[in-house]
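Reading the structure
One-letter residues, chain by chain:
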Amino acid sequence: MISGVRYQREELEKDPSLLVFNLQFFANDEGGDKTEEATPKKLDDARKEGQVAKSQELATAVTLMALFGSLKVFVGYIGGNFWNSFPEYYNSIETYSKGPFNTNHAAAFINSAMWTILLTCLPCFAIAVVLAVVINVVQVKWQPTLKPLMPKFSKLNPINGFKRIISLDKMVELLKAIVKIGVIGYLAYSELSDSAGLVNAFYDMALFDAVAFIGEKVIDFGFKVAIIYMVIGLADYIYQKFKFKKDMRMSKQEIKDEFKQTEGDPKIKGQIRQKMREASQRRMMQQLPQADVVITNPTHLACAIQYDKTKAEAPILLAKGADYLAQKIKEVAKENDIPIVENKPLARMLYHNVEIDEEIPEELYQMTAEVLAYVYSLKEEL
């Protein structure tokens, strides 16, 4: 880097008209390549925004399958209802032609016909709607949100709109549309070709038989279309999952920034912990002169104990420290004429098992009592 700067300076001295560009201005400042898997927080935020991996083709396929499957199951019920209703509505034409017919009669006639059609087709429509909801819930789980319906001014940007038009997603949608039109067109042509010879036979069929034949052909054709949609839907679902996973990738810098937002800046948290440790040490050193004895191991550890029957039933650990802090504890103890007793096992157990301002556990009563008895005997001698 230094040699490059020196080279630029030398070239400028030779020819001052040269233009020098700082390539740092062209560097990617978005945190680098998005090579990391999305964090749970980003996936949760995307879900709240309505961004999920969902295939509409799969939902359409399941809906079609449910619709034509229910038609096949309820074809007798539907055909019977229409067959029984047809004479009633057909004869009403003659009735209305002989008497007065106005808008009220027309509205009543249409209303009655619509209710008959709705009740007749209700089982098929209900099954299709329920399965459509279920397949969408299975794909994205249940978390309704209105955010995708909110207007976004960024969508009005013509540049972004042009990018969306020529994007990979639009190419995939175009490919799916071509495949669907081509396959469904071929199926329709094949079905009509196979049934072309039977069209003339309609003249010799009874009305009910002709309707049943047409219904059977429509249902069979619908099943074939639904199967094609199912294949396309499954492929589209796999693609949508892959695309969503790729779009949700994050750069290392984005992960760091997210961690700072959720957990806090590690540097700040470290500074806070350091401040808390310093405050705890100051408080500990302030109450150290109240100790009855300081137990050491003797150079690396130091633990100060106080035993006051009016405050607690057992001795309390007032202070503890290692290395430099242990030396400070011993210095304060000497300044305040607090006895310093060497007991390596007790010093280690107190340091590693007892926190400051906690009572000594029962397991250490005997060893601590011996040290305190020794200290009290020294004080009596003095």
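Now for a quick tour of the structure. (Residues numbered from 1 in each chain as written. Predicted model: local features only at pLDDT ≥ 70, side-chain atom pairs only at ≥ 80, totals over all residues. Heavy atoms only, no water.)

**Regarding the overall build of the protein chain**
Within the protein chain, the secondary structure is distributed over 13 helices and four strands. For the protein chain, buried positions account for 26% of its 382 residues. The contacts of the protein chain with a sequence gap of at least 6 include a subset with a gap of at least 24, amounting to 77%. Carbon and sulfur atoms make up 63% of the accessible area of the protein chain, which totals about 26700 Å². (Helix = DSSP H or I, 4+ residues; strand = E, 2+ residues; numbered from the N terminus. Buried < 20%, exposed > 50% of the residue type's maximum accessible area, 1.4 Å probe, protein only. Contact = heavy atoms within 4.5 Å. Areas by Shrake-Rupley, 256 points an atom, 1.4 Å probe, with all protein chains shown as cover.)

**Some thoughts on a nonpolar patch on the surface**
A cluster of nonpolar side chains, I127, V130, L131, V134 and V138, forms an exposed patch at the surface whose accessible area comes to about 380 Å². Note on placement: V130 falls in helix α5 (residues 103–140). (Patch = residues over 30% accessible without salt bridge, like charges linked within 9 Å, V, L, I, M, F, W, Y side chains within 5 Å. Salt bridge = Lys/Arg side-chain N within 4 Å of Asp/Glu carboxyl O.)

**Here's the deal with the pattern of salt bridges**
The full count for this structure, using the stated rule, is six salt bridges. Residue K176 is joined to E57 by a salt bridge in which the shortest nitrogen-to-oxygen separation is 3.8 Å. Placement of K176 in helix α7 (residues 168–199) and of E57 in helix α3 (residues 56–73) is noted, with a sequence separation of 119 residues between them. Neither residue differs from the other here; K176 and E57 are each classed as buried. Ionic pairing is found between K243 and D247, a salt bridge with its closest N-O pair at 2.8 Å. Of this pair, K243 and D247 both sit in helix α8 (residues 207–247), four residues apart, which is roughly one turn of that helix. The exposure class assigned to D247 is partly exposed, which follows from its relative accessible area of 42%. A single network of salt bridges, built from pairs that share partners, joins E57, K176, K180 and D236.

**Thoughts on α3**
It helps to recall that an α-helix has 3.6 residues per turn; residues three or four apart then point in one direction. Between its first and last C-alpha, α3 extends 26 Å over 18 residues, near the 26 Å set by a 1.5 Å rise per residue. Taken as a whole, α3 has its buried residues at E57, L58, A59, A61, V62, L64, A66, F68, G69 and S70. (Expected span 1.5 Å × (residues − 1).)

**Topic: helix α11 (residues 324–335)**
Given a rise of 1.5 Å per residue, 12 residues ought to cover 16 Å, and the 17 Å separating the end C-alpha atoms of α11 matches this to within 8%. Among the residues of α11, those classed as buried are L325, A326, I329, K330, V332 and A333. Seen along its axis, α11 keeps its buried residues to an arc of 160°; they face one direction. What points out from α11, more than 90 degrees from its buried face, is the exposed set Y324, K334 and E335. Taken from the residues just after α11, D337 is the one with a positive phi, measuring 55°. (Arc of directions from axis to C-beta.)

Geometric descriptors of this kind do not, in isolation, establish any biological role.
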